[in-house]
Amino acid sequence: NKSFIKGLTNFAFAGWLYGLTLRAVEILFQQPIYEKDMEQFKLDFFRKDHEMVNINFITLSKKKSDDAFISFCLKYKIQKNERTNIFNIIQNEGHYINFVNAEDAEFNLGLLINNLNIRILPTNLYVCWDSFYNIDVFKYDDVIKYFDYIWYPKVDDIIIFDYSFNFCLMIRHDGIIYALN
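Worth saying up front: this structure is predicted, and the values here are computed from it rather than measured.

Reading the values: rules and limits
- The written sequence of each chain sets the order in which its residues are numbered from 1.
- With the structure being a predicted model, the display of local features is reserved for residues of pLDDT at least 70 and the display and counting of side-chain atom pairs for 80 or more, all residues being used for whole-chain, interface and lining totals.
- The basis for every side-chain value is the complete set of non-hydrogen atoms in the structure, without hydrogens or water.
- In this description, the term disulfide denotes a pair of cysteine sulfurs within 2.5 Å.
- Relative accessibility under 20% of the residue-type maximum defines a buried residue, over 50% an exposed one, and the middle range a partly exposed one, all with a 1.4 Å probe and only protein chains included.
- Each helix is a run of H or I in the DSSP string that is no shorter than four residues. Each strand is a run of E no shorter than two, and both are numbered from the N terminus.
- At least two DSSP bridges between two strands are required for those strands to pair.
- Only centres within 6.5 Å qualify two rings of Phe, Tyr or Trp (six-membered ring in Trp) as a pair; their planes then separate them into stacked at under 30 degrees, edge-to-face at over 60, and tilted for everything else.
- Counting as a charge over the ring demands two things of the Lys NZ or Arg CZ atom: a distance within 6 Å of the ring centre and an angle within 35 degrees of the ring normal.
- One speaks of a salt bridge when a side-chain nitrogen belonging to Lys or Arg is within 4 Å of a carboxyl oxygen belonging to Asp or Glu.
- Here, the term nonpolar core denotes a set of buried Ala, Val, Leu, Ile, Met, Phe, Trp, Tyr and Cys residues that are joined through side-chain atoms within 4.5 Å.
- In what follows, a contact means two residues having at least one pair of non-hydrogen atoms within 4.5 Å.
- The predictor reports its confidence for every residue as pLDDT, a score running from 0 up to 100.
- Under this definition, polar contacts are N or O atom pairs within 3.5 Å; protein pairs additionally need one hydrogen-donor-capable and one acceptor-capable atom, and for neighbouring residues in sequence, both atoms have to be side-chain atoms.

A.B. asks: How would you sum up the state of the cysteines? Please name residues and give values.
C.D. replies: Evaluation of the coordinates by the stated rule reveals zero disulfides. Here Cys-128 is not cross-linked by a disulfide; its sulfur's nearest cysteine counterpart is in Cys-168, at 8.5 Å.

Structure follows, in structure tokens:
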């Protein structure tokens, strides 16, 4: 339940614990973590609703985001100079998934990914917030379980993919979904 503004409580302890957790992930992955991509208000709402749970993610560096884009282009045969037009390309080249909309109350991202017949589910999912300039990496289970805190209707256009690009989903701000395969 995303209760807006109503009594945002003190997140000092949760913030400290969250920062400690991110630092551990940062050390583990040996790269800096930036919290600028998944907007702070989303994290605040998540923490308010799930005081004892952390949603952990890492933000890829510019170089790693660039590398992901190059791999994406190679996999889907897209020109590298089309980076700023990537959402339109996915919409034009992808397959419209007409049996589900992310705005529907019963939307289940895990079920949608299962319907794509992925043989081995990934450990992590990559969430691209823009034209492969800002990418956050989440645990697969966190994206599935807390999708409502990651993607917000009306404001977010995102691309979700796994490390090897076995699947790529674009979820538009209106809940319409396109898949590249």
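A.B. asks: Which residues make up the pairing of strand β4 (residues 135-139), and what values do they have?
C.D. replies: Here β4 lies mainly inside the structure; four of its five residues are buried. Strand direction decides the pairing type here: strand β1 (residues 57-59) and β4, joined by three bridges, are antiparallel. Counterpart to Thr-59 in the pairing with β4 is Asp-136. Counted between consecutive antiparallel strands, the loop separating strand β3 (residues 124-128) from β4 contains six residues, among which Phe-132 sits at a positive phi close to 65°.

A.B. asks: How would you summarise the packing of aromatic side chains if you had to cite specific residues and measurements?
C.D. replies: Taken as a whole and assessed by the stated rule, the structure comprises 13 aromatic pairs. These aromatic residues form a ring-pair network of at least three members: Phe-69, Phe-72, Tyr-76, Tyr-126, Phe-132, Phe-161, Tyr-163 and Phe-165. Just above the ring of Tyr-133 sits the side chain of Arg-83; from NZ or CZ to the centre is 4.1 Å.

A.B. asks: Outline the pattern of salt bridges, supporting the account with residue identities and numerical values.
C.D. replies: Applying the stated criterion across every chain, the model contains six salt bridges. Note that Lys-62 and Asp-66 form a salt bridge whose closest N and O atoms lie 2.9 Å from each other. Residue Lys-62 and its partner Asp-66 are both found in helix α3 (residues 62-76); the two are separated by four residues, about one turn of the helix. Residue Lys-62 is classed as exposed on the basis of its relative accessible area of 61%. The class for Asp-66 is buried, based on a relative accessible area of 19%. Across the pair Arg-83 and Asp-66 runs a salt bridge, and its minimum N-O distance is 2.9 Å. Here Arg-83, found in the loop between α3 and α4 (86-93), pairs with Asp-66, found in helix α3; they are 17 residues apart in sequence, far enough to count as distant.

A.B. asks: Describe the nonpolar core, listing the residues and the values that go with them.
C.D. replies: Leu-109, Phe-147, Ile-160, Leu-169, Ile-171 and Ile-177 are the most contacted members of the largest nonpolar core, which totals 30 residues. Breaking this core down by element, the ones donating at least two residues are α2 (40-49), α5 (109-115), β3, α6 (140-145), α7 (147-150), β5 (158-161), β6 (168-171) and β7 (177-180). Leave out the neighbours within four places in its chain, and Phe-147 touches Ala-102, Phe-107, Leu-109, Asp-142, Ile-158, Ile-160 and Ile-171. Residues Leu-60, Cys-128, Phe-161 and Phe-165 belong to the second largest nonpolar core, which totals 25 residues.

A.B. asks: Before we move on, can you summarise the confidence of the model for the chain with the specific residues and values?
C.D. replies: On average, residues of the chain carry a pLDDT of 81, and 79% of them reach 70 or more. Of the regions scoring below 50 in pLDDT, residues 1-27 engages in 39 contacts with residues more than four places distant in sequence or in other chains. Long-range and interchain partners of residues 29-36, a stretch whose pLDDT sits below 50, account for 24 contacts in this model, where long-range means more than four residues apart.

A.B. asks: Just give me the short version of the side chain of Lys-42, but keep the residues and values in it.
C.D. replies: Positionally, Lys-42 belongs in helix α2. Judged by relative accessible area, which is 0%, Lys-42 ranks as buried. Looking at Lys-42, its side chain comes within polar contact range of the main-chain oxygen of Ile-150, at 2.9 Å. Setting aside residues no more than four positions away along its own chain, Lys-42 makes contact with Trp-129, Tyr-149, Ile-150, Tyr-152 and Asp-156.

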